[in-house]
Amino acid sequence: MPEVEITIGGRTFDVACQTGEEQYLHSAAKMLDTEAQVLAQQVGRIPEARMLLMAGLMLADKTAGLEDKLRETEDRAAGYLSELRALKEAPPPTPERIEVPVVPTDVTESLQEIAARAEALARDVEEKAG
């Protein structure tokens, strides 16, 4: 079991941890040290036990606030998932019927005549070109 040297509030401690957890211990010690430094700046030198207690309580307060935010976020996410599930399970909307006005017969006839003329012109051009 490795021993890690950490510094909190200007004081050094030797702490044992599981193999592979050294980086997590250093990270936790850094957070605790940050809170201890704040205490040292505000209060000055205080007994080691009191400093660790107060720094731990400050971290616990921050953690409780983060846990509250996490719970709120999880609740909001659950609501979104529920809404998404309801939307997926809802029947598809009924298609909307759209009626297109009928094209008058004289317009259709005129378009057919224009198309026939265009085809005749195209044949003439092909004959002259070929």
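Refer to the structure presented above.
The notes below deal with the structure included here. The model shown is predicted, which means the values in this text are computed figures rather than measured ones.

### Focus: the packing of helix α1 (residues 22-43) against helix α2 (residues 48-89)
1) Next: The geometry of α1 relative to α2 is characterised by a closest axis approach of 9 Å and an angle of 115 degrees between their N-to-C directions. Relative to α2, the element α1 is oriented roughly perpendicular. In the crossing of α1 with α2, the sense of the turn from one axis to the other is right-handed. Across the interface between the two elements, Met31, Leu32, Glu35, Ala36, Val38 and Leu39 of α1 pack against Met51, Leu52, Met54, Ala55, Gly56, Met58, Leu59 and Lys62 of α2.
2) Next: Among the residues forming the contact of α1 with α2, the class breakdown is 11 nonpolar, 1 polar and 2 charged.

### Thoughts on the pairing of strand β1 (residues 3-8)
1) Next: The two faces of β1 differ: Val4, Ile6 and Ile8 on one face are buried, but Glu3, Glu5 and Thr7 on the other face are not.
2) Next: As judged from the 6 bridges shared by β1 and strand β2 (residues 11-16), these two strands associate in the antiparallel manner. Bridging from a neighbouring strand, Glu3 pairs with Ala16 of β2.
3) Next: As consecutive antiparallel partners, β1 and β2 are separated by 2 residues, and within that stretch Gly9 has a phi angle of approximately 60 degrees, a positive value.

Conventions and cut-offs
- Residues numbered from 1 in each chain as written.
- Predicted model: local features only at pLDDT ≥ 70, side-chain atom pairs only at ≥ 80, totals over all residues.
- Heavy atoms only, no water.
- Axes fitted to C-alpha atoms, helices over the stretch in contact; angles between N-to-C directions.
- Helix = DSSP H or I, 4+ residues; strand = E, 2+ residues; numbered from the N terminus.
- Parallel < 35°, antiparallel > 145°, perpendicular 65-115°, else oblique.
- Left-handed = near helix turned anticlockwise from the far one by under 90°.
- Contact = heavy atoms within 4.5 Å.
- Nonpolar A, V, L, I, M, F, W, Y, C, P; charged D, E, K, R; others polar.
- Buried < 20%, exposed > 50% of the residue type's maximum accessible area, 1.4 Å probe, protein only.
- Pairing = 2+ DSSP bridges.

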